[in-house]
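Tertiary structure, described
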Amino acid sequence: MKILVTGANGQLGSELKAFSANYPDFVFDFTDLAELDITNKTACANYIRSCAPYAVINCAAYTAVDKAETEKEKAHLLNVEAVENLTKASEQVGAYFIHISTDYVFDGKSYMPYAESDATCPQSEYGRSKELGEKVALRYEKSMIVRTAWLYSSFGNNFVKTMIRLGSERRELNVVFDQTGTPTYAGDLASALLQIIDKIAKGEKHFVAGIYHYSNEGVCSWYDFACSIMELKGLDCKVNPIETKDYPTPAQRPPFSVLNKAKIKAAYGIEINRWETSLKKMIQEQGR
Ligand SMILES: NC(=O)c1ccc[n+]([C@@H]2O[C@H](COP(=O)([O-])OP(=O)(O)OC[C@H]3O[C@@H](n4cnc5c(N)ncnc54)[C@H](OP(=O)(O)O)[C@@H]3O)[C@@H](O)[C@H]2O)c1
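Residues numbered from 1 in each chain as written. Predicted model: local features only at pLDDT ≥ 70, side-chain atom pairs only at ≥ 80, totals over all residues. Heavy atoms only, no water.

Let's talk about the overall build of the protein
Operational definition: Every helix listed is a DSSP run of H or I at least four residues long, and every strand listed is a run of E at least two residues long, numbered separately from the N terminus. What the globule rule says is 2.2 Å times the number of residues to the power 0.38, and the radius of gyration is computed from C-alpha atoms. The buried label goes to any residue with under 20% of its type's maximum accessible area, the exposed label to any with over 50%, and the partly exposed label to all in between, with areas taken from a 1.4 Å probe on protein chains only. By the convention used here, residues are in contact when the closest approach between their heavy atoms is within 4.5 Å.
Helix and strand counts for the protein stand at nine helices and 12 strands. Taken over C-alpha atoms, the radius of gyration comes to 19 Å for the protein, in line with the 19 Å a tight globule of 288 residues would show. Overall, the protein is about 55 × 40 × 35 Å in size when its C-alpha atoms are taken along their principal axes. Here the protein, with 288 residues, has 53% of them falling under the buried criterion. The long-range fraction of contacts in the protein, counting pairs at least 24 apart against all pairs at least 6 apart in sequence, stands at 84%.

What about the packing of aromatic side chains?
Rules: Each Phe, Tyr or Trp ring, with Trp reduced to its six-membered ring, pairs with another whose centre is within 6.5 Å; inter-plane angles below 30 degrees give stacked pairs, above 60 give edge-to-face pairs, and intermediate values give tilted ones.
Taken as a whole and assessed by the stated rule, the structure comprises 17 aromatic pairs. Ring geometry for Trp150 against Trp222: centres 3.7 Å apart, planes inclined by 15°, an arrangement best described as stacked. Residue Trp150 is found in the loop between β5 (143–148) and β6 (151–152), and its partner Trp222 is found in helix α7 (residues 222–233); the two are separated by 72 residues along the sequence. On the numbers, 5.7 Å between centres and 55° between planes, the contact of Tyr152 with Phe225 is tilted. Here Tyr152, found in strand β6, pairs with Phe225, found in helix α7; they are 73 residues apart in sequence, far enough to count as distant. The class for Tyr152 is buried, based on a relative accessible area of 1%.

Description of the site of the ligand
As a reminder, the rule being used: Nearness here has a simple test: a residue counts as near a molecule or strand if at least one of its heavy atoms is within 4 Å of that partner. As used in this structure description, the phrase polar contact means that two N or O atoms lie within 3.5 Å; if the pair is within protein, one of them must be able to donate a hydrogen and the other to accept it, and residues adjacent in sequence are counted only when both atoms belong to side chains. For accessible areas, the Shrake-Rupley method is used with a probe of radius 1.4 Å. Any residue's cover is judged against the shown protein chains and nothing else. Gly falls in the polar group here, along with every residue not listed as nonpolar (Ala, Val, Leu, Ile, Met, Phe, Trp, Tyr, Cys, Pro) or charged (Asp, Glu, Lys, Arg).
Around the ligand sit 25 residues, and of these Asp32, Asp37, Thr63, Tyr126 and Lys130 come closest. At 3.1 Å from a nitrogen atom of the ligand is found a main-chain nitrogen or oxygen belonging to Ile38. Between the ligand and Leu151 there is a distance of 3.1 Å, counted from an oxygen atom to a backbone nitrogen or oxygen. Burial of the ligand by the surrounding chains reaches 77%, relative to a free accessible area of 910 Å². Contributions of two or more residues to the shell around the ligand are made by α1 (11–20), β4 (96–102) and α4 (125–137). At three residues, the largest contribution of residues to the shell around the ligand is made by β4. Across the shell around the ligand, the residue classes tally to 13 nonpolar, nine polar and three charged.

Focus on the pattern of salt bridges
Here the idea is simple: oppositely charged side chains can pair when their charged atoms come close. The cut-off we apply is this: Throughout this description, the term salt bridge denotes a Lys or Arg side-chain nitrogen within 4 Å of a carboxyl oxygen of Asp or Glu.
For the structure shown, the criterion picks out 11 salt bridges. Residues joined by salt bridges that share partners form a network here, namely Glu84, Lys88 and Arg139.

Describing empty space enclosed by the protein
The criterion, for reference: Points on a 1 Å grid, built from protein atoms alone, make a cavity when a 1.4 Å probe fits but cannot get out and make a pocket when they are open with protein on both sides within 12 Å along at least 5 of 7 lines; residues with an atom within 4 Å of a point are the lining residues. Grid points are joined across faces, edges and corners, and a volume is the space filled by probe spheres set on the points.
In this structure the tally under the stated criterion is one cavity of 30 Å³ or more. Taken as a whole, the largest cavity spans an internal volume of roughly 30 Å³. Where the lining of the largest cavity is concerned, the elements lending two or more residues are β4 and α6 (186–201).

Okay, structure coming up:
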């Protein structure tokens, strides 16, 4: 059984590569732009036809949230049109299509963790492109959308790595405390995705199409997250809590985007680590 991964050199794709060794029953095909440009419809159809995968995991995306405000077409091409290419190509061979989306599809005006059935209302071009991509993928009955949030990894660039760099260079740092959510260690998400596919392949669980939420457990602000990073790294850098209005960015972020993970846990028997536990693990592994 083959698993095709697109965007495999990114944060999540790289973590999937690392975890793939635990699943010798699957044959993995890791592709990124050089092997399979997902914006090329014909290439997607041909590649997936000849690969004939059991499941396709799409980790490729336009992820530059602020840049998307001025690169709307590029975001649309990768987050909507390319998703359509992969959805149709997967449908032609009957492969499960697992597509990753984001908490930025919500406006963040809730005060309760978001469930999959809650109304979306993205506030940014990135969020709007991801919301449209979800709709395109869901036209196929073997599609699963996994929305995640605040992704970080030892691979690629992310908030954790930026904080470690800035914390080593500066004595003080300002970080917003009025945006609340939950960080997600991409290694945990990669492990959950492979557990789900494995359980379905073994007949232990039934595939149920639709949207699922996955982040680590717990709640924090970016300020809390930054403080924990400094503490765990032993960095002597004071973190000051500031308001979003004092740190303007081109794209508007949801002030609250905690995800309710009850559905994925119940449907696939997934256990989820608290964000502090996973952050500690990532930082310890990085220090080795
Ligand atoms: N990062 C977050 O905080 C976050 C939060 C919530 C949800 N998500 C979602 O989680 C998923 C994975 O995110 P990530 O952070 O792992 O992404 P990432 O690190 O930006 O990786 C995306 C990968 O896709 C590749 N790619 C770009 N254009 C491509 C194309 N035309 N064909 C094939 N591959 C292409 C990129 O290559 P280049 O680097 O060369 O462009 C990169 O290797 C995405 O769907 C994202 O929207 C992310």
